[in-house]
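Overview (structure and organization)
Spelled out, the chains give:
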Amino acid sequence: MRKALGLAALLATLVVLTSAWEYFRDGTLSLLSAENIRNQLTWVGLFGILSLGQSLVIITGGIDLSVGSVVALVGCSLAMLLDSGKGMDPALAIPIVLGLSVLIGVWHGFLVSKVRLQPFIVTLCGLFLYRGAARFMTGDRSQGFGGAYAGLRELGKGFVFENIPIPFLFLIGLAILVGAFLHLSPQGRHLFALGANEESARFSGVNTDRLKMAAYVLCSLLSGWAAILLAFKVPSIGSSDFGNFYELYAIAGAVLGGCSLRGGSGHILGIAIGASLIVLLRNIVVILGIPSQMEYVVIGSAILIGVGLDEVFSRKRQIRTRTS
């Protein structure tokens, strides 16, 4: 919780400093405009959902590099099934693509828990496989919904009470569910134990293989749901760039939010704030007129600083524990 409060303070500091810079530069406050806040909260919701899924895998000591490609495959599959209003009923198409994401999670979990392959290798291969599959089945052509499904498209770009983005509400609801699972259920405590020391968890009677499988399934399922919301938000879906680099945003949000890449730690509130920080950094790049090519430099630097500080503080805590 202390780390989450620190992240919230950093988030507020960045908002204040950027707003002050913008105001003294040209007398505007576009960062704090209602339209910009609504737009950024939409992206916080979308990236936050991806970070929630990624955090479950990272807590186990694993990683999922295929998130962006899963988003592309699910989004393109949904667009093809619906076919601009001439295809399948959405009530059937949406469960099918969510089922596809679950199958991907089962496949990852099986290879990691049963075949004992490294999560990095499994999901790196998935990154190439699912992106390639999306490009092959679409023939590298952009997909879309035309003028159809106006109601469903509100899921990705609509608002409640004209100001609260629907994807942000989904993030809140999913964060509550995932937080209850992680912090209140025995299975959640077992997940942390697995990430901290898998061998000890296994000797304590924890079914580590089942937990790993569940983590990868939930990660892919949340990625699939985010893909659906993203597909309904954007005007068209290009298989070569839809969801591109989103796995990095998901990892960044989880790591900045307090999930150690060694596993065994993480907090839902911190993860949500970490995702917000990533979105804010992307927005600051635009508002301050920083060249768009520098976006990844800014985000990469922020991740490096965040991980570095976390490592320093962790070592200090370990030293204090040993000496006390």
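Residues numbered from 1 in each chain as written. Predicted model: local features only at pLDDT ≥ 70, side-chain atom pairs only at ≥ 80, totals over all residues. Heavy atoms only, no water.

Further remarks concern the overall build of the protein chain. Helices and strands together make up the secondary structure of the protein chain, namely 13 helices and 2 strands. Referenced to the eigenvectors of the C-alpha coordinate spread, the extents of the protein chain come out at roughly 65 × 55 × 35 Å. Here the protein chain holds 324 residues, and the buried ones make up 48% of them. A total accessible area of about 15,500 Å² is found for the protein chain, and carbon and sulfur atoms account for 67% of it. (Helix = DSSP H or I, 4+ residues; strand = E, 2+ residues; numbered from the N terminus. Buried < 20%, exposed > 50% of the residue type's maximum accessible area, 1.4 Å probe, protein only. Areas by Shrake-Rupley, 256 points an atom, 1.4 Å probe, with all protein chains shown as cover.)

Taken as a whole and judged by the stated rule, the model has 6 salt bridges. One salt bridge in this structure joins D26 and R25, with 3.3 Å as the shortest N-O distance. With a closest N to O distance of 2.9 Å, R202 and E198 form a salt bridge. Remark: E198 and R202 occur in helix α9 (residues 198-203); sequence separation between them is 4 residues, near one turn of the helix. The class of E198 is partly exposed, set by a relative accessible area of 25%. Several salt bridges converge on common partners, so that one network encompasses K114, R116 and D209. (Salt bridge = Lys/Arg side-chain N within 4 Å of Asp/Glu carboxyl O.)

What follows covers a nonpolar patch on the surface. A surface patch of nonpolar side chains, about 530 Å² in accessible area, is lined by Y23, F24, L29, L32 and I37. By relative accessible area, which is 41% here, L29 ends up partly exposed. (Patch = residues over 30% accessible without salt bridge, like charges linked within 9 Å, V, L, I, M, F, W, Y side chains within 5 Å.)

Moving on to the environment of A252. Mapped onto the secondary structure, A252 falls in helix α11 (residues 246-256). The sequence separation of A252 and G105 amounts to 147 residues, and the corresponding C-alpha distance is 20 Å. Every residue in contact with A252, bar those within four places of it in the chain, is listed here: I278 and I303. (Contact = heavy atoms within 4.5 Å.)

Now for α11. The element α11 is extensively covered by neighbouring structure, given that 10 of its 11 residues are classed as buried. Residues of α11 that are buried: Y246, E247, Y249, A250, I251, A252, G253, A254, V255 and L256. Positive backbone phi, at 110°, marks G258, one or two positions downstream of α11.

At a closest axis distance of 9 Å, the pairing of helix α4 (residues 90-113) and helix α5 (residues 119-138) adopts a crossing angle of 150°. In the packing of α4 onto α5, the handedness of the crossing is right-handed. Along the contact surface, α4 presents I104, W107, H108, L111 and V112, while α5 presents P119, V122, T123 and Y130. For the contact of α4 with α5, the per-class residue count stands at 7 nonpolar, 2 polar and no charged. (Axes fitted to C-alpha atoms, helices over the stretch in contact; angles between N-to-C directions. Left-handed = near helix turned anticlockwise from the far one by under 90°. Nonpolar A, V, L, I, M, F, W, Y, C, P; charged D, E, K, R; others polar.)

All told, the structure shown has 0 disulfides when counted by the stated rule. Cysteine C219 remains unbridged, with the sulfur of C259 as its closest cysteine sulfur at 11 Å. With relative accessibility at 0%, the residue C219 sits in the buried group. (Disulfide = S-S within 2.5 Å.)

Enumeration according to the criterion identifies 8 aromatic pairs in this entry. Plain terms: the ring middles of Y23 and F24 are 5.7 Å apart, the flat faces sit at 75° to each other, and that makes the pair edge-to-face. Take Y23: its relative accessible area is 46%, and that puts it in the partly exposed class. A ring pair is formed by W43 and F47, whose centres lie 5.6 Å apart and whose planes are at 40°; its orientation type is tilted. (Phe/Tyr/Trp six-rings, centres within 6.5 Å; stacked < 30°, edge-to-face > 60°.)

What follows covers unusual backbone geometry. If you check the backbone angles, F161 has positive phi at about 55° while not being a glycine. Mapped onto the elements of the fold, F161 is located in the loop between β1 (159-160) and β2 (164-165). Positive phi is not limited to glycine here, since E162 has a value of about 70°. Note that E162 resides in the loop between β1 and β2.

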